[in-house]
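What follows is each chain in one-letter form.
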Amino acid sequence: DAYLSLHSGAQQVFYPFADSKSRQRQVLPENHERLQSLADAMNEATGHFFTDTGATWQKNDYAADGTAADWAYSHHQIPLVYTFEVFGVPGDLPNCFEQFNPGNLELPDVTQKLLRAYDALAFEVASASACGKSTTVSIIRS
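Residues numbered from 1 in each chain as written. Predicted model: local features only at pLDDT ≥ 70, side-chain atom pairs only at ≥ 80, totals over all residues. Heavy atoms only, no water.

K.L.:
Which parts of the structure should I look at to understand the nonpolar core?
P.N.:
A general trend in soluble globular proteins is that nonpolar side chains are found buried together. Membership of the largest hydrophobic core comes to 31 residues, with the highest contact counts inside it found for Met42, Leu80, Tyr82, Phe84 and Leu121. Counting only elements with at least two residues in this core, the list comes to strand E1 (2-7), strand E2 (11-15), helix H2 (32-45), helix H4 (68-75), strand E4 (80-86) and helix H6 (107-130). Of the residues forming this core, the biggest block, six residues, is contributed by H6. When residues no more than four places from it in sequence are discounted, the contact partners of phenylalanine 84 are Leu4, Ser5, Leu6, His7, Gln12, Val13, Met42, Phe50, Leu114 and Ala117. (Core = buried A, V, L, I, M, F, W, Y, C linked by side-chain atoms within 4.5 Å. Buried < 20%, exposed > 50% of the residue type's maximum accessible area, 1.4 Å probe, protein only. Helix = DSSP H or I, 4+ residues; strand = E, 2+ residues; numbered from the N terminus. Contact = heavy atoms within 4.5 Å.)

K.L.:
How do you make sense of the pattern of salt bridges when you look at a structure like this?
P.N.:
Two side chains carrying opposite charge are able to pair once their charged atoms lie near each other. Scanning the model with the defined rule gives three salt bridges in all. With a shortest N-O distance of 3.0 Å, arginine 34 and glutamate 124 are connected by a salt bridge. Of this pair, arginine 34 sits in helix H2 while glutamate 124 sits in helix H6, placing them 90 residues apart in sequence. Accessibility expressed as a relative area gives 32% for arginine 34, which makes it partly exposed. Of the residues examined, glutamate 124 reaches a relative accessible area of 24% and is grouped as partly exposed. Note that lysine 113 is salt-bridged to aspartate 109, the shortest N-O span being 3.1 Å. Taken together, the residues span about one helical turn, with lysine 113 and aspartate 109 both in helix H6 at a distance of four residues. A relative accessible area of 18% means that lysine 113 is categorised as buried. (Salt bridge = Lys/Arg side-chain N within 4 Å of Asp/Glu carboxyl O.)

Here it is, written out as structure tokens:
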């Protein structure tokens, strides 16, 4: 199973955890090596569109308690949970409008890159399915 949440504001791939307690205690998911490996594979599939990959608390400047991604991983035990930050440059706060409102000319290229990342995720899920595991992919757009 997989859960994917799309956001804007940076070009990064995050996986759980984002909450303040995990940040303080430096908690990583049990399968963090698999999550990191797949995050890197998705980034490679995009031609390194993303500037960084990793656990949210490691890569984000702030904690985010109560995220849907952490909830999907912890409470629903979905093993592959990712947040794609798809526009903007990390730390480029003076250009906040551009980070959250990409230009029309960028959209076709970015969409194609995201589809390649999604294909890498879907391949991983399909491979798990071939091993006899039930699989679903949920996409939450926010």
